[in-house]
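Okay, here's what each chain looks like letter by letter:
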Amino acid sequence: MPVADTEWHESLPAWSPDGRRIAYTANRGRKWDIWMVAPDGDKRERITDDDAKDYAPIWSPDGQKLLFSSNRKRSVDLWSIAIDSRKLKQLTIDESFEAFATWSPDGEKVVFQSDRGGKEQLWVIPISNITYTASLKIRKLIRFADWLSTEVAEEVTGKEIY
């Protein structure tokens, strides 16, 4: 039984932790966005609305956010969006391909696939330590774990990064 019988390409579904919603990727007229629907096909709702390709949504353990991949800033990076406020947060900033992520059970870290360094590998980043502001020009992902190197932007305009 299809959740919804539409003419659009729908893929990459993910159940919410409470089982009441399904997030998925839909291509509607050459526009890839994240959508949400109830398991019975009711309450269909667009979560992202951008000309970029947004895909592969994954629910946070508390069901308050979605993690997804997007080429909003040219390269494919990881983003999160709060379900209620629709507030976006870019989690990675790198010229490499970074996608197919999932949350740690406590929601404090994300593991994802990246081709940084020229080969496909898994990377882990702590979510709580990533803070970007408009006044920061960040060329590479700022990483704070021992197992990852730190590359800072060419220009950090006097703001603290934590």
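See the structure shown above.
Residues numbered from 1 in each chain as written. Predicted model: local features only at pLDDT ≥ 70, side-chain atom pairs only at ≥ 80, totals over all residues. Heavy atoms only, no water.

Digging into the pattern of salt bridges
On inspection of all chains with the given rule, the structure shows 10 salt bridges. Among the ionic pairs, D18 bridges to R20, the shortest N-O distance being 3.4 Å. Given a relative accessible area of 43%, D18 falls into the partly exposed group. Judged by relative accessible area, R20 falls into the exposed class, the value being 59%. Between R86 and E45 there is a salt bridge, with its nearest N and O atoms 2.4 Å apart. Note that R86 is positioned in the loop between β7 (75-82) and β8 (88-90) and E45 in strand β4 (residues 45-46), a separation of 41 residues in sequence. (Salt bridge = Lys/Arg side-chain N within 4 Å of Asp/Glu carboxyl O. Buried < 20%, exposed > 50% of the residue type's maximum accessible area, 1.4 Å probe, protein only. Helix = DSSP H or I, 4+ residues; strand = E, 2+ residues; numbered from the N terminus.)

Some thoughts on the environment of I47
Locating I47 in the fold gives a position in the loop between β4 and β5 (54-59). Classification of I47 by relative accessible area gives buried; the value is 6%. Sequence separation of I47 and D33 is 14 residues, and the distance between their C-alpha atoms is 7.3 Å. Beyond its immediate sequence surroundings of up to four residues, I47 is in contact with I34, W35, M36, L66, I81 and R86. (Contact = heavy atoms within 4.5 Å.)

Overview of the sheet that holds strand β11 (residues 121-126)
Strand order in the open sheet formed by three strands is β9-β10-β11, and the pairing between neighbours is antiparallel. Each edge of the open sheet carries a strand with a single partner, namely β9 (98-103) and β11. Neighbouring strand axes in the sheet, compared pairwise and without regard to direction, differ in orientation by 30° on average. (Pairing = 2+ DSSP bridges. Axes fitted to C-alpha atoms, helices over the stretch in contact; angles between N-to-C directions.)

Details of the nonpolar core
The nonpolar side chains of a soluble globular protein tend to be buried, and buried together. Formed by A14, A23, I34, M36, I47, W59, L66, F68, W79, I81 and I83, the largest nonpolar core amounts to 11 residues. Residues contacting W79, with those up to four places away along its chain left out, are L66, L67, F68, S70, R72, K73, L88, K89, Q90 and L91. (Core = buried A, V, L, I, M, F, W, Y, C linked by side-chain atoms within 4.5 Å.)

With respect to the pairing of strand β6 (residues 65-73)
Relative to β6, β5 runs antiparallel, the two sharing four bridges. Bridge pairing in β6 places Y55 opposite S69. Between β5 and β6, which pair antiparallel one after the other, the connecting turn spans five residues, and G63 there sits at a positive phi close to 75°. Pairing geometry for β6 and β7, over seven bridges, is antiparallel. Counterpart to L67 in the pairing with β7 is S80. Connecting β6 to the next strand, β7, in antiparallel fashion are one residue, including R74 with a positive phi near 85°.

Distances and angles like these do not, on their own, reveal function.
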